[in-house]
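# Structural characterization, general
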Amino acid sequence: MTPTLAHMDVVVDALIAQGQGNLAVRLVAAEGQPALPSFEAGAHIDLHLPGALVRQYSIASAPEQRSHYLLCVRREAASRGGSAYVHERLRVGERLRIGTPRNLFRLHTARHSILLAGGIGITPLLSMAQGLDAAGQSFELHYYVRHRRDAAFARQLQKGFRHGTVHLHCSAEGDSARHGLPQSLHTPDVASHIYTCGSHGFMAHVQETAQRQGWPAAQLHQEAFAPAPASEPAGGAQQEQAFEVELGSSGQVYTIPVGRSIAAVLLDAGVPVPLSCEMGICGACLTPVTAGQPDHRDSVQSEAEKAAAVPCMALCCSRSHSPRLVLGL
């Protein structure tokens, strides 16, 4: 049986159109439930939808706002069911279940924060902007969309912030990320951090530009909403291979065949593995690897984290470069 993360029931309190193709969902605690748990800017929750759908959505509301969680969902043409349900069938008053907030995209102590959002990537960065503003900390928020009508939370952003600036960039008006990123990215600053959320192409462009200008990797942070596109290994495509995993606590060994994940094999054997997205984008199943060489395929960890002396790996999607891995389970 798959273990579940702590969860609670909520009620849809409001549905609000936020720019073309975006729908904000305001959730409040259901009657008889405890108050919504506190969260830090950058956090996300699991949203359980009918039909056993579980999707991860960033919280866009201010961290100090405890009465509700505000999400924003983009209507995806190739929806796997989540965005289609939210946009077509979700109703005010509907009762849903959510997981408690998790955060792998936290703010770091800095003199100045540079926030760059592409499309629906505005959701965690809006929460960051509100949190930074409430704390009196300096920041700049750059929001990249195709057309002005695509911008979510436009009215709120137009009001501005006391301690930060907002810049809306529209590619249809010739102001795209490809044509130029903020000047602040071109001058590395040891007292600043950069946060990026959006499509993989957008985030890769920001990361590559910043690193080319001399920004250290430790000052660059990003969050993905979808798995990274698969890339062909150097030297051409390689055939998947079976491998073994050993549990460090018991010495029990399991074979992971081609086509099955480590998580699936362990769960079938009765080994508890916390699962959520099952795509390597939420971090729920990150597990220490004490021996062996993981083949990391998640979109959660930085390259430095993947190269750590004792790295963690996402059991839902990653595999192994070595014949056996020893897991900290």
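A quick note: this is a predicted structure, and the numbers were derived from the prediction, not measured.

Okay, the pairing of strand β14 (residues 286–291) next. Pairing between β14 and strand β16 (residues 312–314): three bridges, direction antiparallel. Across the sheet, Pro288 pairs through a bridge with Cys312, a residue of β16. Bridging between β14 and strand β18 (residues 324–327) involves two bridges; their strand directions are antiparallel. Its bridge partner being in β18, Ala291 is matched across the sheet by Val326.

Summarising the element assignment, Ser113 is placed in strand β7 (residues 112–118). The exposure class of Ser113 is buried, given its relative accessible area of 2%.

Glancing now at the domain arrangement of the chain. The figure often quoted for interface size is the accessible area lost as the parts come together. When cut into domains, the chain gives domain 1 (7–99), domain 2 (112–223) and domain 3 (243–327). With centres defined by C-alpha atoms, the gap from domain 1 to domain 2 works out at 23 Å. Contact with domain 1, which involves 20 residues of that partner, is made by 16 residues of domain 2. When the two sides are added together, the surface that domain 1 and domain 2 hide from each other amounts to roughly 1,300 Å², 54% of it contributed by carbon and sulfur. On the surface where domain 1 and domain 2 come into contact, there are zero salt bridges. Linking domain 1 with domain 2 are seven residue pairs in polar contact (both at pLDDT 80 or more). Elements supplying a minimum of two residues to the side of domain 1 that touches domain 2: β2 (22–29) and β5 (69–74). Looking at the side of domain 1 that touches domain 2, the element that brings in the most residues is β5, giving four residues.

So, on to the side chain of Asn22. Checked against the element boundaries, Asn22 lands in strand β2. Residue class for Asn22 comes out buried when judged on its relative accessible area of 5%. At 3.5 Å, the side chain of Asn22 forms a polar contact with the side chain of Arg74.

Right, let's get into the pairing of β7. Taking burial as the measure, the seven residues of β7 include seven buried ones, the bulk of the element. The alternating pattern of β7 places His112, Ile114, Leu116 and Gly118 on one face and Ser113, Leu115 and Ala117 on the opposite face, and all of these are buried. Here six bridges tie β7 to strand β10 (residues 192–197), and the two strands are oriented parallel to one another. Following the sheet pairing, Ile114 is matched in β10 by Ile194. With seven bridges joining them, β7 and strand β8 (residues 138–145) adopt parallel strand pairing. Note on β8: the bridge partner recorded for Ile114 is Glu140.

All right, on to the pattern of salt bridges then. Counting across every chain of the model gives 16 salt bridges. Of the charged contacts, one joins Arg111 and Asp189 as a salt bridge, the two residues approaching to 2.2 Å between their closest N and O atoms. Remark: Asp189 occurs in the loop between β9 (164–170) and β10 and Arg111 occurs in the loop between β6 (95–99) and β7; sequence separation between them is 78 residues. The class of Arg111 is exposed, set by a relative accessible area of 52%. Between Arg260 and Asp268 there is a salt bridge; the shortest N-O distance is 2.7 Å. Arg260 gets classed as partly exposed once you look at its relative accessible area, which sits at 34%. By relative accessible area, Asp268 is classed as exposed at 59%.

Rules used in this analysis
- Residues numbered from 1 in each chain as written.
- Predicted model: local features only at pLDDT ≥ 70, side-chain atom pairs only at ≥ 80, totals over all residues.
- Heavy atoms only, no water.
- Pairing = 2+ DSSP bridges.
- Helix = DSSP H or I, 4+ residues; strand = E, 2+ residues; numbered from the N terminus.
- Buried < 20%, exposed > 50% of the residue type's maximum accessible area, 1.4 Å probe, protein only.
- Domains from an automatic or database assignment.
- Contact = heavy atoms within 4.5 Å.
- Buried area = accessible area lost by both parts, 1.4 Å probe.
- Salt bridge = Lys/Arg side-chain N within 4 Å of Asp/Glu carboxyl O.
- Polar contact = N/O pair within 3.5 Å; in protein donor to acceptor, adjacent residues only side chain to side chain.

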